[in-house]
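Topology and contacts: notes
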Amino acid sequence: MKTKHMVVDSEHITKQVWYMGGILGSGVLMIFPALVFLGLKNNDCCGCCGNESCGRRFAMLSSILFAAVGVLGSGYSVIVSAVAINHGPQCVVFKNLTYEGWSYPFANGDYLSNTEDWTKCIDPKDVVSWHLSLFSVLLVMGLVQMALCAVQVLNGLLGALCGDCCGCCGGSDGSV
């Protein structure tokens, strides 16, 4: 038995897809914090005019700035995903031989608890579950990224204020 696959014109794709919350927010804007966080372990803590704690403090300060970019990016992804879940997918709600009526039948978010309403969408097949799966994954991923970046902001603040407490430049007492 062959299944019929429907090709959807770009004008009928849910508008939140075009906001690219996953690509921009959880993707591109998360590359910068990830690269900075990975590079922190290789930072020279004695590289600032002979001051032992200056280099590490600068690294922690820069990690705060990049973590803030990560919080903004993941926040964008979370907002776009939450709005998309609440708004629901765009789908065919009326169909005859000459006309297909596309709309957003769940604009109030009232479809989440009542799966019987999902039959309002005639085509594309299973668009509601696909829509919910995509944006739920993006929502959870954005929340995890936001939490990790928020923890890094706090870690960076402590590192910038307290300096290098590990005594990495030959100091054994850990004093700054």
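Quick notes on the rules
Residues numbered from 1 in each chain as written. Predicted model: local features only at pLDDT ≥ 70, side-chain atom pairs only at ≥ 80, totals over all residues. Heavy atoms only, no water. Helix = DSSP H or I, 4+ residues; strand = E, 2+ residues; numbered from the N terminus. Pairing = 2+ DSSP bridges. Phe/Tyr/Trp six-rings, centres within 6.5 Å; stacked < 30°, edge-to-face > 60°. Lys NZ or Arg CZ within 6 Å of the ring centre and 35° of its normal. Buried < 20%, exposed > 50% of the residue type's maximum accessible area, 1.4 Å probe, protein only. Contact = heavy atoms within 4.5 Å. pLDDT = per-residue confidence, 0-100. Salt bridge = Lys/Arg side-chain N within 4 Å of Asp/Glu carboxyl O.

This part covers unusual backbone geometry. In this model, Asp123 is joined to Pro124 through a cis peptide bond whose omega is -15°. The phi torsion at Met20 lies on the positive side, around 50°, for a residue other than glycine. As for its placement among the helices and strands, Met20 is situated in the loop between α1 (15-18) and α2 (21-39). Phi is positive for Asp126, close to 60°, though the residue is something other than glycine.

With that settled, the discussion passes to the pairing of strand β2 (residues 100-103). With four bridges joining them, strand β1 (residues 91-95) and β2 adopt antiparallel strand pairing. Following the sheet pairing, Cys91 is matched in β2 by Ser103. Taking the residues between adjacent antiparallel strands as the criterion, β1 and β2 are bridged by four residues.

Counted according to the given criterion, the structure contains two aromatic pairs. Its guanidinium or amino end placed over the ring of Tyr104, Lys15 lies 5.9 Å from that ring's centre, counting from NZ or CZ.

Attention now goes to the environment of Ser103. Take Ser103: it is sitting in strand β2. Note on Ser103: relative accessible area 26%, which makes it partly exposed. On a C-alpha basis, the gap between Ser103 and Gln90 in space is 5.3 Å, while along the polypeptide they are 13 residues apart. The contact partners of Ser103, leaving out residues within four places of it in the chain, are Pro89, Gln90, Cys91 and Val93.

Before going further, it helps to spend a moment on the side chain of Ser81. Position of Ser81 among the secondary structure elements: in helix α3 (residues 54-87). When neighbours within four sequence positions are excluded, Ser81 is seen to be in contact with Phe135, Leu138 and Leu139.

Moving on: the confidence of the model for the protein chain. With 77% of its residues at a pLDDT of 70 or more, the protein chain has an overall mean of 79. When mean pLDDT is taken per element in the protein chain, helix α4 (residues 127-162) scores highest with 90 and α2 scores lowest with 81. The model gives residues 46-50 a pLDDT under 50, and that stretch makes five contacts with residues more than four places away or in other chains.

Time to look at the pattern of salt bridges. Within this structure, the stated rule accounts for three salt bridges. In this structure, Lys95 and Glu100 form a salt bridge, with 3.9 Å as the shortest nitrogen-oxygen distance. Judged by its relative accessible area of 33%, Glu100 is partly exposed. The shortest N-O distance in the salt bridge between Lys95 and Asp123 comes to 2.5 Å. Taken as a pair, Lys95 in strand β1 and Asp123 in the loop between β2 and α4 lie far apart in primary sequence, 28 residues in all. A residue is classified by how much of its surface remains accessible, and Lys95, at 35% relative accessible area, is partly exposed. For Asp123, a relative accessible area of 15% gives the class buried.

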